[in-house]
Amino acid sequence: MDNNSTSLSPDTNQDTGGGLTVEDVRIAGIVCSVFSLLGSSLVIAATLAIPSLRKVFRNRLVLYLSVSDSMWALTLLWDLNANLEEGTACNAAGFLLQWFVVCSDFLVLALAVSMFLGIVLKFNLETPLSDVVCICGAYVPTFGLALIPLFGGTPGGYGPRGAWCWIQDPLSGLLMSYMFAWIVAVAITILYILIIRHILTATRQVKLLGSAVTPDKAKEHELTLQLYKTFFAFPLCFIIQWIPATINRVNNLVHPDTQNVWLLFFHVVFCWSGGVYNSIVYSAVHRRTLLVCLKQIVLIARGKGSSGERARPVSMDLSTTVQHPQLLCLVYCRLF
């Protein structure tokens, strides 16, 4: 979710490579931001409306991440469409971009850390304190970091950077954006190596014990595998997002006076679609619960449309329970 290397100075030459222009990249950025906002909104609505999702701490982490991504997308849409010039509005847009971009980095790291604590160290994170630590640890420090350019902590502070407002000094932008992103990426890689080693060791032990394994041990191992399969893709998507950005940044360093617009295009498409990735993964891992919720919505809509009465809730097991009154509230707000 980097903004630094997507900005072009007036003196930068453009290697169009087939007719693609920077204006095309700007339009692609707007489209990606819109879809990212829609994807993040889907995750937020589903988590808030369905108690079986909301009661799991790691789902709430994805919720907090989606809130940050939504604010980042909204700010970027405002910035790209308003053509802000240097002044208070530009400073505000640059500040919000910096805050929510780095905040999303921290929240992805929090998700990877929570997996490590739950799988390897067997910590119980299903407590209100976990949410407080997560929210304060992600939103508060990044808010303070975003204030630094606003009060002259970097040369030039916030200002116009090509098509939008952000940190004007290139080196400061690298240190305050890329540095945190790659710290998160390296930390995620280390945590995943430790998690995978733990899972492989536990799997070998279960296989060696065979029929002698206790039911509790087998259940614990199954829950560990389920946790890994459910949440491992979110941090991986974050790392994949940064691959085109890294290639583009290396190209910028090698050819500082020329911007390859195709590299810029893929940078924007990958980095500015975080909400899309999260919504796809979230929908895939919770497809059973979401399908039950969709079935409830259809039944409610048909019941209201045909007889004026509410449809009766569908019988569901505990893992896919949807509380009917809360779902009705969501349906009435969105559909009627």
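Residues numbered from 1 in each chain as written. Predicted model: local features only at pLDDT ≥ 70, side-chain atom pairs only at ≥ 80, totals over all residues. Heavy atoms only, no water.

Undergrad: It is not clear to me how the environment of Ser130 should be interpreted in this structure. Could you clarify?
TA: Relative to the elements of secondary structure, Ser130 occurs in helix 5 (residues 128-150). Ser130 sits 69 residues away from Leu61 along the chain, and the two C-alpha atoms are 9.7 Å apart. A polar side-chain atom of Ser130 sits 2.7 Å from the main-chain carbonyl oxygen of Leu125. (Helix = DSSP H or I, 4+ residues; strand = E, 2+ residues; numbered from the N terminus. Polar contact = N/O pair within 3.5 Å; in protein donor to acceptor, adjacent residues only side chain to side chain.)

Undergrad: How should the packing of helix 3 (residues 57-82) against helix 4 (residues 88-119) be read in this particular structure?
TA: Pairs of packed helices are described in terms of their axes, by the angle between the two and the distance that separates them. Two elements in contact, helix 3 and helix 4, have axes whose closest approach is 9 Å; the angle formed by their N-to-C orientations is 160°. In this view, helix 3 runs roughly antiparallel relative to helix 4, as classed from their interaxial angle. The hand of the helix 3/helix 4 crossing is left-handed. For the contact of helix 3 with helix 4, the per-class residue count stands at 22 nonpolar, five polar and three charged. (Axes fitted to C-alpha atoms, helices over the stretch in contact; angles between N-to-C directions. Parallel < 35°, antiparallel > 145°, perpendicular 65-115°, else oblique. Left-handed = near helix turned anticlockwise from the far one by under 90°. Nonpolar A, V, L, I, M, F, W, Y, C, P; charged D, E, K, R; others polar.)

Undergrad: What's the story with a nonpolar patch on the surface in this structure? I'm lost.
TA: The grouping of Ile27, Val31, Val34, Phe35 and Leu38 at the surface amounts to a nonpolar patch, some 430 Å² of accessible area in total. Relative to the helices and strands, Val31 resides in helix 1 (residues 22-49). (Patch = residues over 30% accessible without salt bridge, like charges linked within 9 Å, V, L, I, M, F, W, Y side chains within 5 Å. Areas by Shrake-Rupley, 256 points an atom, 1.4 Å probe, with all protein chains shown as cover. Salt bridge = Lys/Arg side-chain N within 4 Å of Asp/Glu carboxyl O.)

Undergrad: Teacher, can you tell me more about the packing of aromatic side chains here?
TA: The description of an aromatic ring pair uses the distance of the two centres, along with the angle that the planes make with each other. Counted under the stated rule, the structure contains ten aromatic pairs. Judged by centre distance (6.4 Å) and plane angle (80°), the ring pair of Trp72 and Trp272 falls under edge-to-face. Here Trp272 lies in the loop between helix 9 (261-271) and helix 10 (274-285) and Trp72 lies in helix 3, a separation of 200 residues in the sequence. You'll find Trp72 and Trp272 in the same group, each marked buried. Centroid distance Phe95 to Phe143: 5.4 Å. Interplanar angle 85°. Geometry classified as edge-to-face. Residue Phe95 is located in helix 4, and its partner Phe143 is located in helix 5; the two are separated by 48 residues in the primary sequence. (Phe/Tyr/Trp six-rings, centres within 6.5 Å; stacked < 30°, edge-to-face > 60°. Buried < 20%, exposed > 50% of the residue type's maximum accessible area, 1.4 Å probe, protein only.)

Undergrad: Can you help me understand the side chain of Ser40 in this one?
TA: With respect to the element layout, Ser40 can be found in helix 1. If sequence neighbours within four positions are ignored, Ser40 has contacts with Ser66, Asp69, Ser70 and Gly275. (Contact = heavy atoms within 4.5 Å.)

Undergrad: Which parts of the structure should I look at to understand the confidence of the model for the chain?
TA: Close inspection of predicted coordinates is inappropriate for parts of the model with low pLDDT. Mean pLDDT over the chain: 78, with 77% of residues reaching 70 or higher. By mean pLDDT, helix 12 (residues 324-335) is the weakest element of the chain at 37, and helix 5 is the strongest at 92. pLDDT under 50 marks residues 1-11. Its contacts with residues more than four places away, or in other chains, come to 47 contacts. Contacts for the low-pLDDT stretch residues 305-336, under 50 throughout, to residues beyond four places or in other chains number 52 contacts. (pLDDT = per-residue confidence, 0-100.)

Undergrad: Honestly, the pattern of salt bridges in this entry has me stumped. Any pointers?
TA: Pairs can form between side chains of opposite charge whenever their charged atoms are close. A full pass over the atoms with the stated rule returns two salt bridges. Between Arg26 and Glu23 there is a salt bridge, and its shortest N-O distance comes to 2.9 Å. One end of the pair, Arg26, and the other, Glu23, are both in helix 1, three residues apart, so they sit about a helical turn from each other. The exposure class assigned to Glu23 is partly exposed, which follows from its relative accessible area of 40%. Of the charged contacts, one joins Asp131 and Arg60 as a salt bridge, the two residues approaching to 2.7 Å between their closest N and O atoms. Of the two residues, Asp131 is situated in helix 5 and Arg60 in helix 3; the sequence distance between them amounts to 71 residues.

Undergrad: Got a minute to help me understand helix 5 in this structure?
TA: One turn of the α-helix equals 3.6 residues, which is why residues spaced by three or four share an orientation. The terminal C-alpha atoms of helix 5, which comprises 23 residues, lie 33 Å apart, in line with the 33 Å expected from a rise of 1.5 Å per residue. Restricting attention to buried positions, one finds in helix 5 the residues Ser130, Asp131, Cys134, Ala138, Tyr139, Thr142, Ala146 and Pro149. Looking at the residues trailing helix 5, positive phi occurs at Gly152, about 80°. (Expected span 1.5 Å × (residues − 1).)

Undergrad: Explanation requested: the state of the cysteines in the structure shown.
TA: Formally, a disulfide is one covalent bond, and it connects the sulfur atom of one cysteine to the sulfur atom of another. All chains considered together, the criterion is met by one disulfide. Each sulfur in the disulfide pair Cys90 and Cys165 lies 2.0 Å from the other. The sign of the S-S torsion, about -120°, decides the handedness of the disulfide formed by Cys90 and Cys165: left-handed. Of this pair, Cys90 sits in helix 4 while Cys165 is found in strand 3 (residues 164-167), placing the two residues 75 residues apart along the sequence. For Cys165, a relative accessible area of 0% puts it in the buried group. (Disulfide = S-S within 2.5 Å.)

Undergrad: Please explain the side chain of Ser273 as it appears in this structure.
TA: Tracing the sequence through the fold places Ser273 in the loop between helix 9 and helix 10. Residue classification places Ser273 among the buried positions, given a relative accessible area of 8%. Not counting residues up to four positions away in its chain, the partners in contact with Ser273 are Cys32 and Ser36.

Undergrad: Help me understand the nonpolar core in this model?
TA: In a soluble, globular protein the nonpolar side chains are often hidden away together inside. With 70 residues, the main nonpolar core has Trp72, Leu107, Phe238 and Trp272 as its most contacted residues. Per-element tally for this core: the top contributor is helix 4, with 14 residues. Aside from chain neighbours lying at most four places away, what touches Phe238 is Asp105, Val108, Ala181, Val184, Ala185 and Ile188. (Core = buried A, V, L, I, M, F, W, Y, C linked by side-chain atoms within 4.5 Å.)

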